[in-house]
Amino acid sequence: MTDVTQYDPPAANVLDVVADGWARELQRDFGDDVPPHVDEFDVGYQAVDTWHGGNPDPALTVIREALLDAGAITRLRSSAVGALERRRVRWAVQHGMELPKPLSEHRIWEVTDVDRFEQTVASLNTYFRPLPADVRDRIISWAPRPETNAGAPERGWLLDDTINRLRPVVASEKVSTETRARFLRWYNGTYKGMYDDFAEQLWRWLNAERALRKPTLAERARLGIVPAGTRIWDRDRLAAALPEVKLEG
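These numbers were taken from a predicted model, which means no experiment stands behind them. (Residues numbered from 1 in each chain as written. Predicted model: local features only at pLDDT ≥ 70, side-chain atom pairs only at ≥ 80, totals over all residues. Heavy atoms only, no water.)

A few words on the overall build of the chain. Within the chain, the secondary structure is distributed over 11 helices and six strands. Oriented by its inertia axes, the alpha-carbon framework of the chain measures out at about 75 × 35 × 35 Å. Each of the 249 residues in the chain was classed as buried or not, and the buried ones make up 43%. Of the contacts made within the chain by residues no fewer than 6 positions apart, 74% connect residues no fewer than 24 positions apart. A total of about 13900 Å² of accessible surface is found on the chain, and carbon and sulfur atoms cover 51% of it. Averaging the coordinates of the 34 positive side-chain charges in the chain and doing the same for the 39 negative ones gives two points 11 Å apart. (Helix = DSSP H or I, 4+ residues; strand = E, 2+ residues; numbered from the N terminus. Buried < 20%, exposed > 50% of the residue type's maximum accessible area, 1.4 Å probe, protein only. Contact = heavy atoms within 4.5 Å. Areas by Shrake-Rupley, 256 points an atom, 1.4 Å probe, with all protein chains shown as cover. Lys, Arg positive; Asp, Glu negative; His and termini not counted. Charge placed at Lys NZ, Arg CZ, Asp CG, Glu CD.)

What follows is the structure in structure tokens.
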């Protein structure tokens, strides 16, 4: 058998396997917080594990470029990438495993036009079967939704810096307070205003996860007079949202 390199055109049988892999990936159960999507790493891994034994990279490239040219796909939205990474991190921490690598290293796509997707993949796959109706409906329902600025942030050095900053909050037994102004000021002062959008997103997400919450009546009595809008760091919910805070830095 001759090895296929990434510079060779894909054989028809390899193209069929990889195109079918794209369609099958969209049929997985993704939950309600992320749209149907395709991770090229998973498609390639599964293709290598099948009978053809070739390099899937040429076929992945052909299909990706065809779908992009057709306007059928776009990069998976950042909030969905963040949600996927939260799942992976929680699983790793719960099972005592090494943290997975950030998904920024993967090519992950969501479908923006399901009809163009099917037409394009069908032109490249000898045995293409239309997507199930429920999968089409999920894709169609997600396609017009705007990106949110309150979703989980993607992993990277900026989130790592935040986690290092929050480790003392989880370790402390004291009631820790935060205000939006103070929270954003730390990022603005530390990074000279370059990552204010990240700080705003993180503030919204931590509030949505209730890692930052309104103080109870008992906490208000203990704290005394505090600025309007003061939030309490909920250590348990913070550790659930960002399990990395319990790991050694």
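Now that the structure has been shown, the text picks up again.
Moving on to the side chain of Arg-86. When you line up the elements, Arg-86 lands in helix 4 (residues 78–94). With residues up to four places along the chain from it excluded, the contact list for Arg-86 reads Ala-152, Arg-155, Leu-159, Trp-205, Ala-241, Leu-242, Pro-243 and Glu-244.

Next up on the list: the pairing of strand 3 (residues 108–111). Burial of strand 3 is two-sided: the residues Ile-108 and Glu-110 facing one way and the residues Trp-109 and Val-111 facing the other way are all buried. Strand direction decides the pairing type here: strand 1 (residues 37–39) and strand 3, joined by three bridges, are antiparallel. Across the sheet, Asp-39 pairs through a bridge with Ile-108, a residue of strand 3. Note that strand 2 (residues 73–75) and strand 3 share three bridges and pair antiparallel. When the bridges of strand 3 are listed, Arg-75 appears paired with Trp-109. (Pairing = 2+ DSSP bridges.)

With antiparallel pairing, the three strands of this open sheet are ordered in space as 1-3-2. Strands at the two margins of the open sheet, each flanked by one partner only, are strand 1 and strand 2. If you compare each strand with its neighbour and ignore which way they point, the axes differ by 30 degrees on average. The sheet strands contacting helix 2 (residues 40–48) are strand 1 and strand 3, and the helix crosses strand 1 at an angle near 60 degrees. (Axes fitted to C-alpha atoms, helices over the stretch in contact; angles between N-to-C directions.)

Owing to its 3.6 residues per turn, the α-helix aligns residues three or four sequence positions apart on the same side. Restricting attention to buried positions, one finds in helix 5 (residues 114–124) the residues Val-114, Phe-117, Glu-118, Thr-120, Val-121 and Leu-124. Tucked into the core, helix 5 has its buried residues touching helix 1 (12–25), helix 3 (57–69), strand 2, strand 3 and helix 6 (133–142). Where helix 5 begins, the side chain of Asp-113 points an oxygen toward the backbone nitrogen of Asp-115, at a separation of 3.1 Å. (Polar contact = N/O pair within 3.5 Å; in protein donor to acceptor, adjacent residues only side chain to side chain.)

Counted according to the given criterion, the structure contains 18 salt bridges. Note that Asp-134 and Arg-138 form a salt bridge whose closest N and O atoms lie 3.5 Å from each other. Of this pair, Asp-134 and Arg-138 are both found in helix 6, four residues apart, which corresponds to roughly one turn of the helix. Arg-182 is the salt-bridge partner of Glu-178, the closest N and O atoms lying 2.9 Å from each other. Here Glu-178 falls in the buried class, since its relative accessible area comes to 4%. Residues joined by salt bridges that share partners form a network here, namely Arg-213, Glu-219, Asp-234 and Arg-237. (Salt bridge = Lys/Arg side-chain N within 4 Å of Asp/Glu carboxyl O.)

One broad rule of soluble globular proteins: the nonpolar side chains tend to lie buried together. Counting residues in each nonpolar core, the largest one holds 27 residues, and the members touching the most others are Val-18, Trp-22 and Phe-117. Contributions of two or more residues to this core are made by helix 1, helix 2, helix 3, strand 3, helix 5 and helix 6. It is helix 1 that provides the largest number of residues to this core, a total of seven residues. Ignoring sequence-local partners within four residues, the contact set of Val-18 consists of Val-43, Ala-47, Pro-56, Ala-59, Leu-60 and Ile-63. If you look at the next biggest cluster of nonpolar residues, it comprises 25 residues, including Ala-152, Phe-183, Tyr-191 and Trp-233. (Core = buried A, V, L, I, M, F, W, Y, C linked by side-chain atoms within 4.5 Å.)

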